[in-house]
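# A closer look at the structure
Each chain is listed here by its residues.
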Amino acid sequence: MASDAAEKGKSPADAAGSAAANAARLAREWSTWAMKNAKVVAHYGFIPLVVLVGMRSEPRPSLAQLLSPV
């Protein structure tokens with residue numbers, strides 16, 4: 001509601017431009033937030049994903065065979 005009071009003196013064209021700028025800012029913030037979280041998920045989820053895919057393959061290895069370097 002404080003933003004409505006600040007925009008009372010503006011013309012409708014200014015308000016529309018402000019709304020577009022606000023939408024662009026929100027899209028930028030959301031995309032930044034999404035990329036940061038995607039980086040964390042990829043960082044901590046890659047090895048568990050590889051283990052899961054390895055456990056589902058044929059022939060089914062034991063967990064020790066899957067994690068051993070040999």
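All figures in this text were calculated on a predicted structure; none of them were measured in a lab.

## Observations concerning the confidence of the model for the chain
Of the residues in the chain, 80% reach a pLDDT of 70 or more, and the chain-wide mean stands at 83. Highest mean pLDDT in the chain belongs to helix α2 (residues 12-55) (89); lowest belongs to helix α1 (residues 2-6) (55).

## Structural notes on unusual backbone geometry
With glycine set apart, most residues show a phi of negative sign, and most peptide bonds adopt trans. The omega torsion of the bond from E58 to P59 falls at -15 degrees, within 30 degrees of zero and hence cis. Along the polypeptide, P59 turns up in the loop between α2 and α3 (63-67).

## Re the pattern of salt bridges
Applying the stated criterion across every chain yields a total of two salt bridges. Measuring nitrogen to oxygen at the nearest pair gives 2.7 Å for the salt bridge that ties E29 to R25. Residue E29 and its partner R25 are located together in helix α2, separated by four residues, close to a single helical turn. Judged by relative accessible area, E29 falls into the partly exposed class, the value being 42%. On the basis of relative accessible area, R25 is assigned to the partly exposed category, the value being 36%. Salt-bridge contacts for E58 lead to R60; the nearest nitrogen and oxygen are separated by 4.0 Å. For the pair E58 and R60, a shared accessibility class is recorded, and that class is exposed.

Thresholds, definitions, all that
- Within any chain, residue numbers begin from 1 and follow the written order of that chain's sequence.
- Restriction of local features to residues with pLDDT of at least 70 applies here, the model being predicted, together with a cutoff of 80 or more for giving and counting side-chain atom pairs; totals for whole chains, interfaces and linings are based on all residues.
- Each side-chain value is derived from all of the structure's non-hydrogen atoms; neither hydrogens nor water enter the calculation.
- The quantity known as pLDDT measures the predictor's confidence residue by residue, on a range of 0 to 100.
- The helix and strand labels rest on DSSP assignments: H or I over at least four residues marks a helix, E over at least two residues marks a strand, and numbering proceeds from the N terminus.
- The term salt bridge refers to a side-chain nitrogen of Lys or Arg lying within 4 Å of a carboxyl oxygen of Asp or Glu.
- Under the scheme applied here, a residue whose accessible area is under 20% of the maximum for its type counts as buried, over 50% as exposed, and between as partly exposed, the area being computed with a 1.4 Å probe on protein chains only.

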